[in-house]
Amino acid sequence: MNYLDELNPAQREAAMHLEGPLLIFAGAGSGKTRVLTYRVARLIETGVDPYHIIAITFTNKAAREMRERISAKTSLGEQVWVSTFHAACTRILRREIEYLGYKTGFSIYDTADTLRLIKECIKEQNLSDTNYPPRYVAQVISAQKNELISPAEYERMVAGSFRESNIADVYALYQKRLKNSNALDFDDIIFKTAELFAQHEHIREKYQNRFRYVMVDEYQDTNHAQYELVRHLSGYAQNLCVVGDDDQSIYGWRGADIKNILRFEKDYPGAKVIKLEQNYRSTSTILDAANAVIIHNEERTAKRLWTENARGGPIRIYTARDERDEGYFVAQMIARGIREGARYSDFAVLYRTNAQSRAVEDQFVTGGIPYRIFSGVRFYEHMEIKDMLAYLKAINNPADDISHLRVINVPKRGIGSASIAKIQAFAAENELTFSQALARASEIHDLGKKAAPAKQFAEYLDECAAFSAENSVLALIEKILHDTDYIRTIQDGTPEGAEREQNLKELLAKARAFENESDDTSLGKFLEDVALVADVDNYDENADAAALMTLHSAKGLEFNVVFMVGFEEYIFPTSRSIDAQTPSEMEEERRLCYVGFTRARRILYLTHAISRRRFDHIARNKTSRFLDDVPATCITSVNMYGEARNVKASGASPGMHGRAVRRQADDQPPNPHKGTRPLDPFRETSLREVSGKSWSIAPRESGHRGAAGSASAEKPREARSFKKSFEGGAGGTFSKVPPAKKTFSTKVAPPDFSAGDNVKHIKYGVGKVLEITPAGADYEVTVQFPGAGQKKFMSGLARLVRA
DNA sequence: GAATAAATTGTTTTT
DNA sequence: CAATTTATTC
């Protein structure tokens, strides 16, 4: 119980409030996860069986984080259900879905499967996909499901409107096809669980009794379906604890409704409301900037985050020539931090869209900076992986038409679109699934010669199903790869082909890990894991690497140094939000900016490019409007070396920058390097901040030490990653030469090795130096690695050491 | 009819 | 610029 000393009064009050509804308004960095973790520990300590506790999050990353922290706090913590909405609902549905007329082995359709099925339905309704773009229709249907509106209800709602009625027809057909395929889409997972609870009282009571203590993280992101679900779950005991921050609501486009959190007190009379407004994470400068941005939003509850933390250095603005220069700048800043003793995991690069990661990645690869990319091109969305998974899904669920369709001609079996259409027509006529139609292919007239391979395919899947009953998932995948000679079909001699093969190997590794780690090793469970986790797990948890991710993915995380790249109009805020007629979209962008700023503990960089390649032309964007909201006293422009612009290296120049430096000096201990290196004070400051032994931010007055905490305890474990990217991918991109002729003010020291020497690289191991050529102020080093071939590095960035 | 080559089109964000 | 849709060849 002494651990309660580590909480501030508000935090403690929240952690000790165990019975009855509880709403925690938790500002960014206010120790929210800490409170939840302690609260669970407290519940268990007072005798609550962990079996009765459920904690629901939105992302897998958040779930993993919380699970680890709960387990670390209390030994019984592992018995607590900590999972995403989707994972929790899937688990419930596996047991109970037969009450809704589905079978327990249902498939989960991802976005691509969903789109494909919707396309078919549009066609089947004789609608043109130009008048009814599948993506749009998908979005409309998704929106209805998020509002718990069934096809029949939607039909009624839009009666009279020609266009919407047609969409309603598609919705109805789509839902029918899903059910016939025994499949659920992502939205159904929530929708059907809510429906289950609404329609079946005894099921609802069963789970209400099971989950007597319900906690929901990021409550501001719940949509209506999730809201209803939570109401059902917590309906009896009312031991519901929700945590959220309306300023961090960034999923409006997915149906999230801020009103859910704002009306909590009405929904749950007698609810205790606690506000956590003290931030323990960021410097006050960063917090001031974040507050200055978010204050422009109309739709928010009045509050202001405050901190006792030191002021810290100014926010650094870098104006890049283009996106390559931008990436290079980031790489260079990280490399410098590393040389001063920081770890790669201290750094994160955040961007608005996944596409932006590329330019940064390229520069990281050339610079030899290890990185992990979170939810970029997702592993399970690769063509070859989806193909294999479609085989598995077809085997696991014979009714799954979409998966059958995907692989019937992969590899080529001579069954083209015409033959497929005939089989589908036959299936429709006789009310068969696609797979049943295949088995009776010989009855389909004018299928002719194609009947044989069709039937063969059906028989092959049966064989696999029989095999699967006796063997592991791993063995099954190996069998399919072998039988179909799939790997040969994807090997086209290009680097992409090699990459695909590598991805398949990784899938095998994933299956192997699944067998070792999961207690239920069935094919169905494997597919479920895969469907609900977008990224492949990182096998090297301890690898030290910089993080690359979208602003959305970054929510809930924190880093010592954050780079927000692409801080430009039409990128962030996105062009869509600028064009939108309603202000609410722009408000959401603003909240996203607030989320981004508040990820940073010590140093925040905002970078933008003068010109940037977008589609096929070059765009010149103004700096983001959000930059205008940040007080001038909080920011400073830096040049490509990270030095404050227009400030002499002595730091003695007057004006805003000079003041900032002196202020800085008051807050920070003396610089050990002082006098030994003629560096710019900002840079010196930043280096020391980044390289200090303890990352804790010293409070100006004695505060709550625990919560300010040592960062090693607070630091989020990078839950998932994309190993392939970390490995850097094959060939090609490595030979890229960094942006031409940068002249360093202080020239990089020549490498302490020469051609012929062996050097060690952080990723590729030991290799032989072939050539060293001066490149601007740096040196380009060509190294031959036994494993990875020939690579080029910039000496100043890549940490090559003599071996 | 199927496989391949050419043309076109579109980019938020996640489960 | 990549991924999907449409035109052309086999």
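Rules used in this analysis
Every residue gets a number counted from 1 within its own chain, in the order that chain's sequence is written. The lettering of chains begins at A and the numbering of ligands begins at 1, in the order of writing. Local features in this predicted model are restricted to residues whose pLDDT is 70 or higher, and side-chain atom pairs enter the listing and the counts only when it is 80 or higher, whereas totals over whole chains, interfaces and linings include all residues. The side-chain numbers reported here are obtained from all heavy atoms of the structure, hydrogens and water having been left aside. For this purpose, a residue is taken to be near a molecule or strand whenever a single non-hydrogen atom of the residue falls within 4 Å of it. Each polar contact in these results corresponds to two N or O atoms within 3.5 Å; when the atoms are within protein, one needs to be able to donate a hydrogen and the other to accept it, and residues that are neighboring in sequence are counted only if both atoms are side-chain atoms. Put simply, DSSP marks the helices as runs of H or I at least four residues long and the strands as runs of E at least two long, and each gets a number from the N terminus on. Following the grouping adopted for this structure description, the nonpolar residues are Ala, Val, Leu, Ile, Met, Phe, Trp, Tyr, Cys and Pro, the charged ones are Asp, Glu, Lys and Arg, and the polar ones are all others, Gly among them. Any pair of residues with heavy atoms lying within 4.5 Å of one another is described as a contacting pair. Salt bridges, as used here, are contacts in which a Lys or Arg side-chain nitrogen is within 4 Å of a carboxyl oxygen on Asp or Glu. Exposure is judged per residue with a 1.4 Å probe applied to protein chains only, and the accessible area is read against the type maximum: over 50% gives exposed, under 20% gives buried, and values in between give partly exposed. At least two DSSP bridges between two strands are required for those strands to pair. Note on method: axes are straight lines fitted to C-alpha atoms, helices fitted across the in-contact stretch only, with angles between N-to-C directions ranging 0 to 180 degrees.

**Some thoughts on the protein's contact with DNA strand B**
Taken together, 33 residues lie near DNA strand B, and R352, N354, G416, S419 and F615 sit nearest. For DNA strand B, a phosphate oxygen lies 2.9 Å from a polar atom in the side chain of T550. Within the side chain of H552, an N or O atom sits 3.4 Å from a base oxygen of DNA strand B. Elements represented by at least two residues in the surface near DNA strand B include exactly α19 (417-429) and α26 (551-554). With four residues, the top contributor of residues to the surface near DNA strand B is α19. Class assignment of the residues belonging to the surface near DNA strand B gives a composition of nine nonpolar, 16 polar and eight charged.

**Describing the environment of I250**
When you line up the elements, I250 lands in the loop between β7 (240-244) and α12 (259-262). Discounting chain neighbours no more than four positions away, the residues touching I250 are D221, H552, K555, E588, R591, L592 and V595.

**Some thoughts on the pattern of salt bridges**
Counted under the stated rule, the structure contains 39 salt bridges. Put simply, D188 and K145 hold a salt bridge, and the shortest N to O gap is 2.9 Å. Here K145 lies in helix α6 (residues 134-146) and D188 lies in helix α9 (residues 186-199), a separation of 43 residues in the sequence. The same class applies to D188 as to K145, namely buried. Two residues, D387 and R406, come together in a salt bridge whose shortest N-O distance is 2.9 Å. Taken as a pair, D387 in helix α17 (residues 383-396) and R406 in helix α18 (residues 401-407) lie far apart in primary sequence, 19 residues in all. Among the charged side chains, a network of salt bridges with common partners joins K32, D217, E218, D221 and K555.

**Notes on the sheet that holds strand β1 (residues 22-26)**
Read across the sheet, six strands follow the order β3-β2-β6-β7-β1-β8 without closing on themselves; strand pairing throughout is parallel. The sheet is open, and its two edges are formed by β3 (81-84) and β8 (272-276), each paired on a single side. For this sheet, the mean angle separating the axes of adjacent strands, direction not counted, is 15 degrees. Summarising the sheet, β1 and β8 pair through five bridges and their orientation is parallel. For L22, the partnering residue across the bridge sits in β8 and is K272. Against the sheet, helix α3 (residues 60-73) makes contact with β2 (53-57) and β3, and its axis sits at roughly 165 degrees relative to β3, the strand it touches most.

**Regarding the environment of R612**
Looking at the element boundaries, R612 is found in strand β17 (residues 612-614). On the basis of relative accessible area, R612 is assigned to the buried category, the value being 8%. The sequence separation of R612 and K259 amounts to 353 residues, and the corresponding C-alpha distance is 38 Å. Aside from chain neighbours lying at most four places away, what touches R612 is E323, E326, G566, E568, I571, H617, I618 and A619. At 2.5 Å, the side chain of R612 and the side chain of E568 are in polar contact.

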